[in-house]
Amino acid sequence: MVRVGVDVGGTFTDLVIFDEVSSELLYLKFPTRPREAWLSVISALEASSLSIDHIDIIVHASTLGTNIFFGQKGLELPKGLLITNEGFRDIIEIGRQNRPRLYDPYFSRPRPLISRNMRIGIRGRIDAFGNEVEPLDTKTLENIAIKYCGEVDAFIISFLHSYINPVHEEVARRIIKTYCPKTDVILSHVVDPEPMEYERTSTTVVNALLKPVLAKYLYILRRELLKRGFHGKILVMKSSGGVSTVEYALETPAAFIESGPAAGAIATAYFSKIMDLDRVIALDMGGTTAKASAIIDGEPLIVKEYEVGGEIHMGRLIKGSGYPVRISHIDIVEVSAGGGSIAWIDHGGSLRVGPLSAGSEPGPACYDRGGVEPTVTDANLVLGRLPTVLAGGRIRLYKELAEKAIDKLAQELGLSIEETALSIIRIANTLMARALRIVSIERGLDPREFIIFGFGGAGPLHIAYLARELSVKKAIVPPMPGVFSAMGLLLTDYRHDYRKGIMKYVSEIDDEMIEGIFRELEDKALNTLYSEGFSMDNIRIIRELDMRYSKQAYELSIPYVRPFSKTAELFHEVHEAKYGYRHEDEEVIVVAAKLTAYGITNKPPVIRKYMAKPYTPRPDLFRKVYFEEIGWINTPIYYWEKLYPGAHIDGPAIIESIDTTVLIPPGYNGIINEFRAIDVEV
């Protein structure tokens, strides 16, 4: 069986091919075509040595979901109609009253994804206990279905307390389908069966509007693959770090918004396990952005809610500036510090980097593809830290064009070209260091206890200085770092998440009730995984309960243990560990049951080589490189594919491969370990 991982990024499309019979791994980087992401996949496959008709599985990740909410040209929001309870049609506009910029009188909330004239409130009410207190106005629903059939891409139904009793939403769906059978009807209790009507409605709206966009993209991709002889299966990466079939992706497209960044975290988690590392921070620096995530005991940190399309300030998502999506995803912090991030001077005369990126079209100035703005890549080239070709020779770099672009800034700043380029690198490093601190210090974790994995096409150039910034003694550049996220697509398992709202006090719950709820969720999970070809031997189930004290607004996820009374006791322990106190006299509410089901896949083998006696390899060539510690120096260059475990390289030095470049500054050394990764340490 041949499996292919394809990660479509903003600058490069990365491809990793794994042949299960020969255990051979092939990989390449190909410039992304941002307007036609599907064509990037086709072009990358055709550029490889593999015939498309030999591929059995393609595992795909992209930034399509994120881009549509940031207003990328060519991606228009579909038209939806929101139907909710009378008096609640403005719920997605009112939202929560936290103000993202407290003292900014000119701040305006993000525009609603559905305009007010396309939001309708109708009579009918279910109370918080699931009882019908007012019948549903079915006549009005019939009129709505007749009037808007053919005018909208989706009907979105979100009624109060449908997570307890979905009867009104189910009736609404049947009525609309009677008059308008070909239009999607999206129900909130299916998408997000939990309390808090604003978050549930927002998640359902985002899901509904993404569905036709993702469906169109996947349809075009499959059609073009079929034309070229592909008859295999397409899987899609989820924000939570698992994969699922196209059919499931089309039902819950909101679960796939952060698919690309999640793949890098999964690859880091996998390698941290086989390297026996319990605390790792992943830093994925690509062409457009840099992403950071924390992995503890081989598992990425997971959060249950995030905002898409929101503002990012210094790596922090500004709460209330985007559209809430309440679906599990890996806790990832993203900053505008990729290789293509543009350097510029603000009105105060200060040098800045990002958030705009040159991407792959036109790309950094040194690409000679029409870009004229200086970027982080241009700065690294000017300082001699990059070779003259990237991506296995597919991109040629022109140092004179990089110098010309940076010289414009240098003259305005009154600095030399080298000083300006070094300043660009320092600012980019500061942005990335802030992201690393957010996923560690601001999560209550000490970064000095972690090892940093640096990957992505640009990450290994910066990882040593970032480790120094956080007082981390060791960083690791994993094998195939430039395509590491695509590698993560082949290292992940199938994952499906199921939830059911409960909203009862602990005193109202017994073991039979909880077991019944989990059996219901588990039956759904097993049926799905069986249909995807898994047997019970390759399935793993995790049960959790979301719990909180009665006067709290947000809950903690607690592993479910039997009997249920032990889970209740565990809640107090987890709460005290996280917040420093417990209230055993206060009532505890079980908000929801959560079940995560994994289908375990075969992974590409990671070969552990014999660690030979340490040796000092001979440089393949020398190049003048600028270091802030010593200035220009004739620096040894090593080709990674020629090195084997035990190689010990003292800085300053550079190690090159077809997918990345590793910088070893003065005072650091690089050691090729038994996994053919590079340990970068003082």
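Residues numbered from 1 in each chain as written. Predicted model: local features only at pLDDT ≥ 70, side-chain atom pairs only at ≥ 80, totals over all residues. Heavy atoms only, no water.

**Remarks on the overall build of the protein chain**
Going by this rule: Only runs of H or I of at least four residues qualify as helices and only runs of E of at least two qualify as strands under DSSP, and these elements are numbered from the N terminus. Here the globule rule reads 2.2 Å times residues to the power 0.38, and the radius of gyration is calculated from C-alpha atoms. Buried means the residue's accessible area, taken with a 1.4 Å probe over protein chains only, is under 20% of the maximum for its type, while exposed means over 50%, and partly exposed covers the values in between. Here a residue-residue contact requires only that any non-hydrogen atoms of the pair lie within 4.5 Å.
Looking only at helices and strands, one finds 16 helices and 39 strands in the protein chain. Its C-alpha atoms give the protein chain a radius of gyration of 26 Å, within 12% of the compact-globule value 26 Å for 682 residues. Taken over the C-alpha atoms alone, the protein chain extends approximately 80 × 55 × 50 Å along its principal axes. Buried residues in the protein chain amount to 57% of all 682 residues. A sequence separation of at least 24 residues applies to 66% of the contacts in the protein chain between residues at least 6 apart.

**A short note on the sheet that holds strand S6 (residues 119–122)**
Applied cut-off: If DSSP finds at least two bridges between two strands, the strands pair. Here an axis means a line fitted to C-alpha atoms, over the contact stretch when the element is a helix, while the angle between two N-to-C directions is reported on a 0 to 180 degree scale.
In spatial order, the strands read S6-S5-S9-S10; together these four strands make up an open sheet with parallel pairing. A single partner strand is all that each edge strand has here, and the edge strands are S6 and strand S10 (184–187). The sheet shows a mean angle of 20° between the axes of neighbouring strands, taken without regard to direction. Direction of pairing for strand S5 (residues 80–85) relative to S6: parallel, over a ladder of four bridges.

**What about the packing of aromatic side chains?**
Heads up, the rule is: Between the rings of Phe, Tyr and Trp (Trp by its six-membered ring), a pair exists once the centres lie within 6.5 Å; its type follows the angle of the planes, with under 30 degrees stacked, over 60 edge-to-face, and the other angles tilted. We call a charge positioned over a ring when the NZ of a Lys or the CZ of an Arg lies within 6 Å of the ring centre and within 35 degrees of the ring normal.
All told, the structure shown has eight aromatic pairs when counted by the stated rule. When the ring of tyrosine 494 is compared with that of phenylalanine 534, the centres are 4.7 Å apart and the planes differ by 75°; the resulting orientation is edge-to-face. Of the two residues, tyrosine 494 is situated in strand S29 (residues 494–505) and phenylalanine 534 in the loop between helix H15 (511–531) and strand S30 (539–549); the sequence distance between them amounts to 40 residues. We classify tyrosine 494 as buried; its relative accessible area is 4%. Given a relative accessible area of 12%, phenylalanine 534 falls into the buried group. One aromatic cluster is present, built from ring pairs that chain together Tyr270, Phe271, Phe455 and Phe484. Above the plane of the ring of tyrosine 598 lies arginine 540, whose end atom (NZ or CZ) is 4.5 Å from the centre. Across the ring face of tyrosine 579, the terminal group of lysine 578 is positioned such that the distance to the ring centre comes to 5.8 Å.

**Digging into the packing of helix H11 (residues 399–413) against helix H12 (residues 417–438)**
Selection criterion: An angle below 35 degrees is treated as roughly parallel, one above 145 as roughly antiparallel, one from 65 to 115 as roughly perpendicular, and anything else as oblique. In the scheme used here, Gly and all other residues not listed as nonpolar or charged are polar, with Ala, Val, Leu, Ile, Met, Phe, Trp, Tyr, Cys and Pro taken as nonpolar and Asp, Glu, Lys and Arg as charged.
For the pair H11 and H12, interaxial distance at closest approach is 8 Å and the crossing angle is 95°. Compared by their axis directions, H11 and H12 come out roughly perpendicular. Across the interface between the two elements, Glu403, Ile406, Asp407, Leu409, Ala410 and Leu413 of H11 pack against Ile417, Thr420, Ala421 and Ile424 of H12. Looking at side-chain class alone, the contact of H11 with H12 contains seven nonpolar, one polar and two charged residues.

**Some points on the side chain of lysine 238**
Structurally, the position occupied by lysine 238 is in the loop between strand S11 (233–237) and strand S12 (243–245). When residues no more than four places from it in sequence are discounted, the contact partners of lysine 238 are Val243, Ser244, Tyr248, Ala255, Phe256, Ser259, Ala262, Arg495, His496 and Asp497.

**Thoughts on unusual backbone geometry**
At the junction of glycine 354 and proline 355, the peptide bond is cis and its omega measures out at 5° in the coordinates. Position of proline 355 relative to the elements: it lies in strand S24 (residues 351–357). With an omega of 5°, the peptide bond between glycine 651 and proline 652 qualifies as cis. Looking at the element boundaries, proline 652 is found in the loop between strand S35 (648–650) and strand S36 (653–656). Positioned with a positive phi, aspartate 297 is a non-glycine residue whose angle comes to about 55°. As for its placement among the helices and strands, aspartate 297 is situated in the loop between strand S14 (290–296) and strand S15 (299–300). With a relative accessible area of 56%, aspartate 297 lands in the exposed category. A positive phi angle is found at arginine 676, which is not glycine, with a value near 65°.

**A few points about H15**
The α-helix advances 3.6 residues per turn, and as a result positions three or four apart in sequence lie on the same side. We apply this condition: Helix span, as expected, comes to 1.5 Å for every residue beyond the first. Note that the arc is defined by the directions from the helix axis to the C-beta atoms.
Look at H15: 30 Å from first C-alpha to last across 21 residues, which is about the 30 Å you get at 1.5 Å a residue. Among the residues making up H15, those that are buried are Ile514, Glu515, Ile517, Phe518, Leu521, Ala525, Leu526, Thr528 and Leu529. Buried residues of H15, viewed axially, fall in a sector of 165°; they line one side. Residues of H15 that are exposed and point over 90 degrees away from its buried face: Glu512, Asn527 and Ser531. One or two steps after H15, the chain reaches glycine 533, where phi turns positive at roughly 100°.

**Overview of helix H14 (residues 484–491)**
With eight of eight residues buried, H14 is to be regarded as a mostly interior element. Restricting attention to buried positions, one finds in H14 the residues Phe484, Ser485, Ala486, Met487, Gly488, Leu489, Leu490 and Leu491.

**What to know about the pattern of salt bridges**
The condition that has to hold: What makes a salt bridge here is a side-chain nitrogen of Lys or Arg within 4 Å of a carboxyl oxygen of Asp or Glu, nothing more.
Inspection of the entire model under this criterion finds 42 salt bridges. Between glutamate 515 and arginine 562 there is a salt bridge, with its nearest N and O atoms 3.6 Å apart. On the criterion of sequence distance, the pair formed by glutamate 515 in helix H15 and arginine 562 in the loop between strand S31 (556–559) and helix H16 (564–579) is long-range, its members being 47 residues apart. When salt bridges with common partners are traced through the structure, they connect Asp192, Glu194, Lys304, Arg326, Arg499, Glu544, Asp546, Glu555 and Lys594 into a single cluster.

**Some points on the packing of helix H9 (residues 259–274) against H14**
Packing of H9 against H14 brings their axes to within 7 Å, and their N-to-C directions diverge by 70°. Judged on the interaxial angle alone, H14 and H9 are roughly perpendicular. Contact residues: Gly260, Ala263, Gly264, Ile266, Ala267, Thr268, Tyr270 and Phe271 in H9; Phe484, Ser485, Gly488, Leu489 and Leu491 in H14. Residue classes in the contact of H9 with H14 are distributed as eight nonpolar, five polar and no charged.

**Some remarks on the sheet that holds strand S37 (residues 661–664)**
Pairing is mixed across the open sheet formed by four strands, whose spatial order is S33-S34-S36-S37. Lying at the two open borders of the sheet, with one neighbouring strand each, are strand S33 (621–627) and S37. Averaged over all pairs of adjacent strands, the angle between strand axes in this sheet comes to 30°, irrespective of strand direction. In terms of strand pairing, S36 meets S37 through four bridges, oriented antiparallel. When the sheet's bridge partners are listed, glutamate 656 is paired in S37 with threonine 661.

**Quick notes on the confidence of the model for the protein chain**
What counts, and what does not: pLDDT is a residue-level measure of predictor confidence that goes from 0 to 100.
Per-residue confidence for the protein chain gives a mean pLDDT of 89; residues scoring 70 or more make up 96%. This model gives residues 70–74 a pLDDT under 50, and the stretch forms five contacts once residues within four places in sequence are excluded.

**Examining the side chain of aspartate 679**
Checked against the element boundaries, aspartate 679 lands in strand S39 (residues 678–681). Classification of aspartate 679 by relative accessible area gives buried; the value is 9%.

**Here we look at the pairing of strand S4 (residues 57–62)**
Burial analysis of S4 places six of its six residues in the buried class, which makes it a mostly covered element. Every second residue of S4 is oriented toward a common face, with Ile57, Val59 and Ala61 on one face and Ile58, His60 and Ser62 on the other, all of them buried. Bridge analysis of strand S1 (residues 2–8) against S4 gives six bridges, and the strand direction is parallel. Bridge pairing in S4 links glycine 5 to valine 59. Across four bridges, S4 lies against S11 in parallel orientation. Within the sheet, the bridge partner assigned to valine 59 lies in S11 and is leucine 235.

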